[in-house]
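Spelled out, the chains give:
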Amino acid sequence: MKKNVKTIMGGFLSVALLAGFISCSNGTSDETNQAAQGLNLAGASSASETAIAAEDIFSGEKITFKVTDASTTAEDTVFVIKYDRSAKGAAEKITLNDVNVEVTVNGEAVSIGNKIDFELDPYSSFNPSYNYSSPESANDQHEYKAKPVINKKLGKDDIVTIEVKSAKVSGEGKGKVDLGKITVAVVDVNKAVNYYKEVAVSGEKAEKYIPLITKKNGKGLNEVETPTPATPANPATDTNYKQYTVKLTKDISDASYIGYVLQIDNDGSKDADGLKIDISNLIISVKVGNGEFTDTTFAEFNLVPNQWASPAYGKTDCRKRLGLTGSLTQGTEITVKVKSATVSNSDKKSSIIFALQEDGAPNPAGGDPTYAMLGTESGDTQDIWLPAFATN
């Protein structure tokens with residue numbers, strides 16, 4: 001502690017620098033500053049797992065297709081559900097599991113199963129010159145497709161609907177594939193139509209391929225969720241703190257200007273957004289001379305980077321007045337003890353130090369107000385700065 005204190009004291013050799021401490025109160029008054037249900041847990045269940053983890057749930061809007069060309073046979077009438085591979089050789093296969101999907105043809109329910117398993121289409125290619133005369137090499141295949149069978153022969157003007165109520169995602173492409181780019185079309189895959197003919201359109205623009213997945217956990221895929229306010233890292237409340245007695249190093253004509261300073265090295269960015277520590281419900285018990293202990297409560301005592309420190313923003317601190325009265329002579333003992341506090345970051349708590357300091361007291365010699373350091377600990381150490389939250 002002594003070594004750290006000497007380093008800290010080196011930055012406070014001038015009154016001008018001392019004046020730079022962040023003051024968190026005005027006079028003796030205390031300033032009063034001011035869940036989404038996203039099942040965002042990783043891990044899909046499988047037979048090899050011993051525990052089942054919650055997964056993201058995906059869904060889509062109801063899509064209505066109007067048939068423009070009759071299909072050839074019932075067994076060759078399918079949904080083509082597809083997405084593009086992002087690059088040659090990319091491993092991005094996914095499977096939609098536990099699919100709750102509603103499909104109708106002219107109002108009659110149709111089942112297409114509860115699993116949509118995608119495979120690379122050997123007749124798709126990244127190569128512009130590909131001529132479809134033979135399967136493309138696996139590395140260059142471009143589209144992942146699934147073809148659940150509708151199993152209904154469709155006539156012109158028939159209505160086909162599909163809506164994914166819920167589905168889970170697994171596979172090597174999980175987290176890589178943009179699910180919003182998975183599209184669905186109604187296709188005839190009979191040989192008579194050269195194995196692939198889109199036979200229906202949807203919407204005012206008469207589009208053949210429509211996005212199948214539009215929601216994640218009930219929210220739009222691209223909807224920015226309002227983050228839940230972060231819980232401070234390791235908040236902690238303790239009460240068994242050490243008591244200190246310091247002696248005033250000068251006469252004080254008005255004790256109401258005596259301030260209590262908390263400080264820590266700013267190990268974050270050296271700007272206003274660096275290390276910040278919020279301390280709430282701070283109760284400090286203070287005794288002057290042989291008087292009685294008096295408690296002072298600060299609802300908030302928030303430490304922020306100090307632009308007037310040396311170097312700038314090198315310290316994170318806060319100062320508030322203790323609410324003392326009267327005049328005090330040099331050598332008067334002031335005993336200080338933190339009775340309780342909730343510190344937002346308990347990992348930093350042991351590094352927070354305190355001192356007593358004048359908080360803008362009138363200068364008897366005239367000129368700028370004074371921000372002089374006021375006390376040294378009684379005994380051998382004679383430190384100005386002391387660990388505020390050391391426990392007994």
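Throughout this document, residue positions are counted from 1 along each chain, in the order its sequence is written. Reporting of local features is limited, given that this is a predicted model, to residues whose pLDDT is at least 70; pairs of side-chain atoms are given and counted only at 80 or more, and all residues count toward the totals for whole chains, interfaces and linings. Side-chain metrics rest on all non-hydrogen atoms present in the structure, leaving aside hydrogens and water.

**Q** Can you lay out the overall build of the protein chain for me, pointing to particular residues and giving the numbers?
**A** Each helix is a run of DSSP H or I of at least 4 residues and each strand a run of E of at least 2, with the numbering of both proceeding from the N terminus. The helix and strand tally for the protein chain stands at three helices and 27 strands. By residue count, 42% of the 392 residues in the protein chain fall in the buried class. When the accessible area of the protein chain is evaluated, it comes to approximately 20,400 Å², of which 48% is carbon and sulfur surface. Under the scheme applied here, a residue whose accessible area is under 20% of the maximum for its type counts as buried, over 50% as exposed, and between as partly exposed, the area being computed with a 1.4 Å probe on protein chains only. For the area figures, the Shrake-Rupley method with a 1.4 Å probe applies, and any residue is considered shielded solely by the protein chains shown.

**Q** Any chance you could break down the pairing of strand β6 (residues 95-105) for me, citing the residues and the numbers?
**A** In this sheet, strand β8 (residues 116-117) lies alongside β6 in antiparallel orientation, the contact comprising two bridges. When the sheet's bridge partners are listed, Leu96 is paired in β8 with Ile116. Here nine bridges tie β6 to strand β11 (residues 159-170), and the two strands are oriented antiparallel to one another. Looking across to β11, one finds that Leu96 is bridged to Val169. A strand pair is defined by DSSP finding two or more bridges across the two strands. Here β6 pairs with strand β7 (residues 108-110) via three bridges, running antiparallel. Counterpart to Val105 in the pairing with β7 is Glu108.

**Q** Requested: an account of the environment of Glu136, with residues and values cited.
**A** Within the secondary structure layout, Glu136 lies in the loop between β9 (119-120) and β10 (143-146). Taking the C-alpha atoms as reference points, Glu136 and Ser125, eleven residues apart in sequence, are found 6.4 Å from one another. Setting aside its immediate chain neighbours within four residues, Glu136 contacts Pro122, Ser124, Ser125, Asn127, Tyr130 and Gln141. Here Asn127 takes part through its side chain, which lies 2.9 Å from a polar atom of the side chain of Glu136. For this analysis, residues touch if any pair of their heavy atoms sits within 4.5 Å. In protein, a polar contact requires one atom able to donate a hydrogen and another able to accept it; more generally it is a pair of N or O atoms within 3.5 Å, and residues adjacent in sequence count only if both atoms are side-chain atoms.

**Q** How would you sum up the confidence of the model for the protein chain? Please name residues and give values.
**A** For every residue, the predictor states its confidence as a pLDDT score lying anywhere from 0 to 100. Summarising the model, the protein chain shows a mean pLDDT of 84, and 81% of its residues fall at 70 or more. Residue range residues 1-18 is modelled with pLDDT below 50. Its contacts to residues more than four positions away, or to other chains, number 29 contacts. Scored below 50 in pLDDT, residues 25-53 makes 45 contacts in the model with residues more than four places away or belonging to other chains.

**Q** So what's going on with the pattern of salt bridges? Residues and values would help.
**A** Salt bridges are defined as contacts in which a side-chain nitrogen from Lys or Arg sits within 4 Å of a carboxyl oxygen from Asp or Glu. Scanning the entire structure with this criterion turns up 21 salt bridges. Here Glu61 makes a salt bridge to Lys215, at a shortest N to O gap of 3.6 Å. One end of the pair, Glu61, is in the loop between β3 (58-59) and β4 (63-67); the other, Lys215, is in strand β16 (residues 215-216), and 154 residues separate them in sequence. When its relative accessible area of 43% is taken as the criterion, Glu61 is described as partly exposed. Assessed through its relative accessible area of 28%, Lys215 is described here as partly exposed. Two residues, Lys250 and Glu358, come together in a salt bridge whose shortest N-O distance is 2.9 Å.

**Q** For the packing of aromatic side chains, give the residues involved together with the corresponding values.
**A** Pairing of aromatic rings covers Phe, Tyr and the six-membered ring of Trp, with a centre-to-centre limit of 6.5 Å; geometry is then stacked below 30 degrees between planes, edge-to-face above 60, and tilted otherwise. Applying the stated criterion to the full structure yields eight aromatic pairs. A centroid spacing of 6.2 Å and a plane angle of 80° characterise the contact between Tyr260 and Phe301, whose relative ring orientation is edge-to-face. One end of the pair, Tyr260, is in strand β20 (residues 258-265); the other, Phe301, is in strand β22 (residues 294-305), with 41 residues separating them in the sequence. Considered together, Tyr260 and Phe301 belong to a single accessibility category, that of buried residues. For the ring pair Tyr260 and Phe354, a centre distance of 5.3 Å and an interplane angle of 25° mean the geometry is stacked. Within this pair, whereas Tyr260 is found in strand β20, its partner Phe354 is found in strand β25 (residues 353-358), the two being separated by 94 residues in sequence.

**Q** Account for unusual backbone geometry, with residues named and values stated.
**A** The residue after Ser310, namely Pro311, is reached through a cis peptide bond having omega 0°. Turning to its location among the elements, Pro311 is positioned in the loop between β22 and β23 (315-321). A positive phi angle, near 65°, is found at Asn151, a position not held by glycine. A positive phi angle is found at Asn194, which is not glycine, with a value near 60°. The residue Asn194 is located in the loop between β12 (183-188) and β13 (197-198) in this model.

**Q** I'd like to hear about the nonpolar core, residue by residue, with values.
**A** Counting 36 residues, the largest nonpolar core has Phe65, Phe79, Ile94, Phe118, Ile162, Val186 and Leu212 as the members making the most contacts within it. Those elements that provide at least two residues to this core are β4, β5 (77-84), β6, β10, β11 and β12. Setting aside residues up to four positions removed in sequence, Val186 forms contacts with Phe65, Val78, Phe79, Ile150, Leu154, Val160, Lys197, Glu198, Val199 and Ala200. The criterion is simple. A nonpolar core is a set of buried Ala, Val, Leu, Ile, Met, Phe, Trp, Tyr and Cys residues joined through side-chain atoms within 4.5 Å. Membership of the second largest hydrophobic core comes to 35 residues, among which are Ile334, Val343, Leu356 and Leu374.

**Q** How would you summarise the side chain of Asp56 if you had to cite specific residues and measurements?
**A** Along the polypeptide, Asp56 turns up in the loop between β2 (29-30) and β3. Asp56 sits in the buried class, given a relative accessible area of 15%. A polar side-chain atom of Asp56 sits 3.1 Å from a polar atom in the side chain of Asn217.

**Q** Can you tell me about the side chain of Arg85, naming the residues and giving the values?
**A** Relative to the helices and strands, Arg85 is located in the loop between β5 and β6. Charge assignment: positive for Lys and Arg, negative for Asp and Glu; neither His nor the chain ends contribute. The buried charged residue Arg85 lacks any salt bridge, with Glu92 as its nearest oppositely charged partner at 5.5 Å. At 2.9 Å, the side chain of Arg85 and the backbone oxygen of Gln141 are in polar contact. Contact partners of Arg85, with chain neighbours within four places excluded, come to Ala90, Glu92, Leu120, Phe126, Ala138, Asn139, Asp140, Gln141, His142 and Tyr144.

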